Amino acid sequence: ESLARIDTAVRGAAGRGANIVVLPELANSGYMFADLDELRAVAQPLHGPYIRHLVGLASALGLLIVSGFAELAADGVVYNSAVIVDRESVRTSYRKAHLWNAEKTCGFTSGNGHPPVVDTEYGRLGLMICYDLEFPE
């Protein structure tokens, strides 16, 4: 159901002339999890089905998509992550560094990278997630 809603929203925005579509934090899974098992059940790898779907959508519609998602790393760790995708691939990704509230208890692990900045055909874009904006340093 989430993927169908995402498709409808992205296609609608593209139809109204959007070049960049920004989806919510954890768009692929929702935000509330009882525990790590439930979180792991909906998390996907960076180059998994959800992100490949976004790249296909970006390619079909000729735009950039920014989306939050629950990322399952190769070692089984789960991150609250975000990506920027274009018509061809993932341009950049980011793992939320400053977890908030229940993110700490349901199983997310803090990322440790700096928020990326990437040049796109629509200008330079930075990527970070929610609570990280409180810690610009």
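Refer to the structure presented above.
Residues numbered from 1 in each chain as written. Predicted model: local features only at pLDDT ≥ 70, side-chain atom pairs only at ≥ 80, totals over all residues. Heavy atoms only, no water.

Visitor: What is the right way to read the nonpolar core from this model?
Guide: Buried together is how nonpolar side chains tend to be arranged in soluble globular proteins. Of all hydrophobic cores here, the largest spans 19 residues; its most connected members are Leu 23, Leu 54, Ile 65 and Val 85. Of all the secondary structure elements, the ones that give two or more residues to this core are helix H1 (2-15), helix H3 (49-61), strand E2 (64-72) and strand E3 (78-85). The element that contributes the greatest number of residues to this core is H3, accounting for six residues. Once residues lying within four places of it in the same chain are set aside, the contact partners of Val 85 are Ile 51, Leu 54, Val 55, Ala 58, Leu 63, Leu 64, Ile 65, Val 90 and Arg 91. Counting residues in hydrophobic clusters, the runner-up holds ten residues, among them Val 66, Ala 82, Tyr 94 and Leu 125. (Core = buried A, V, L, I, M, F, W, Y, C linked by side-chain atoms within 4.5 Å. Buried < 20%, exposed > 50% of the residue type's maximum accessible area, 1.4 Å probe, protein only. Helix = DSSP H or I, 4+ residues; strand = E, 2+ residues; numbered from the N terminus. Contact = heavy atoms within 4.5 Å.)

Visitor: I would appreciate a short explanation of the environment of Ser 89 in the present structure.
Guide: Relative to the helices and strands, Ser 89 resides in the loop between E3 and strand E4 (90-95). Since its relative accessible area comes to 32%, Ser 89 is described here as partly exposed. Placed 44 residues apart in sequence, Ser 89 and Pro 45 show a C-alpha to C-alpha distance of 14 Å. Those residues within four positions of Ser 89 in sequence are excluded, and the remaining contacts are Val 55 and Ile 84.

Visitor: Help me out: how do you make sense of H3 in this one?
Guide: At 3.6 residues per turn, the α-helix brings residues three or four places apart onto the same side. Helix length check: H3 (13 residues) gives 18 Å between terminal C-alpha atoms against 18 Å at 1.5 Å per residue, within 8%. Tucked inside the fold, the buried residues of H3 contact H1, E2, E3 and E4. A positive phi of about 70 degrees marks Gly 62, the residue just after H3. (Expected span 1.5 Å × (residues − 1).)

Visitor: Would you mind showing me how to read the pattern of salt bridges here?
Guide: Side-chain pairs of opposite charge can arise where the charged atoms are in close proximity. This model, assessed by the stated rule, comprises seven salt bridges. A salt bridge links Glu 103 to Lys 96; the nearest nitrogen and oxygen atoms lie 2.9 Å apart. In this pair, the class of Glu 103 matches that of Lys 96, namely buried. When salt bridges that share partners are traced, they join Glu 25, Lys 96 and Glu 103 into one network. (Salt bridge = Lys/Arg side-chain N within 4 Å of Asp/Glu carboxyl O.)

Visitor: Explain the layout of surface pockets here, please?
Guide: Think of a ball as big as a water molecule: rolled over the atoms, this probe shows where empty space is left. Quantified by volume, the largest pocket comes out at close to 180 Å³. Around the largest pocket, the lining comprises 15 residues; the ones closest to its centre are Val 22, Leu 23, Val 66, Leu 127 and Met 128. At the level of secondary structure, the elements contributing two or more residues to the lining of the largest pocket comprise strand E1 (20-22), E2, E3 and strand E6 (123-126). Per element, the largest residue contribution to the lining of the largest pocket is three residues, and it comes from E2. (1 Å grid on protein atoms, 1.4 Å probe; cavity = no way out; pocket = protein on both sides within 12 Å on 5 of 7 lines; lining within 4 Å. Points joined across faces, edges and corners; volume = space filled by probe spheres on them.)

Visitor: Got a minute to help me understand the side chain of Lys 96 in this structure?
Guide: Turning to its location among the elements, Lys 96 is positioned in the loop between E4 and helix H4 (103-106). A relative accessible area of 0% means that Lys 96 is categorised as buried. Only 2.9 Å separates the side chain of Lys 96 from the side chain of Glu 25, close enough to count as a polar contact. With near-sequence residues (within four places) excluded, Lys 96 lies in contact with Glu 25, Tyr 31, Asn 80, Glu 103, Thr 109, Ser 110, Gly 111, Ile 129, Cys 130, Tyr 131 and Asp 132. (Polar contact = N/O pair within 3.5 Å; in protein donor to acceptor, adjacent residues only side chain to side chain.)

Visitor: Quick question: what am I supposed to make of the packing of H1 against H3 here?
Guide: Interaxial distance between H1 and H3 falls to 11 Å at its minimum, and their mutual angle equals 20 degrees. Considered as vectors, H1 and H3 are oriented roughly parallel to each other. As H1 packs across H3, the resulting crossing turns out to be right-handed. Together, Leu 3, Ile 6, Asp 7, Val 10, Arg 11 and Ala 14 of H1 and Tyr 50, His 53, Leu 54, Leu 57 and Leu 61 of H3 make up the contact between the two elements. (Axes fitted to C-alpha atoms, helices over the stretch in contact; angles between N-to-C directions. Parallel < 35°, antiparallel > 145°, perpendicular 65-115°, else oblique. Left-handed = near helix turned anticlockwise from the far one by under 90°.)

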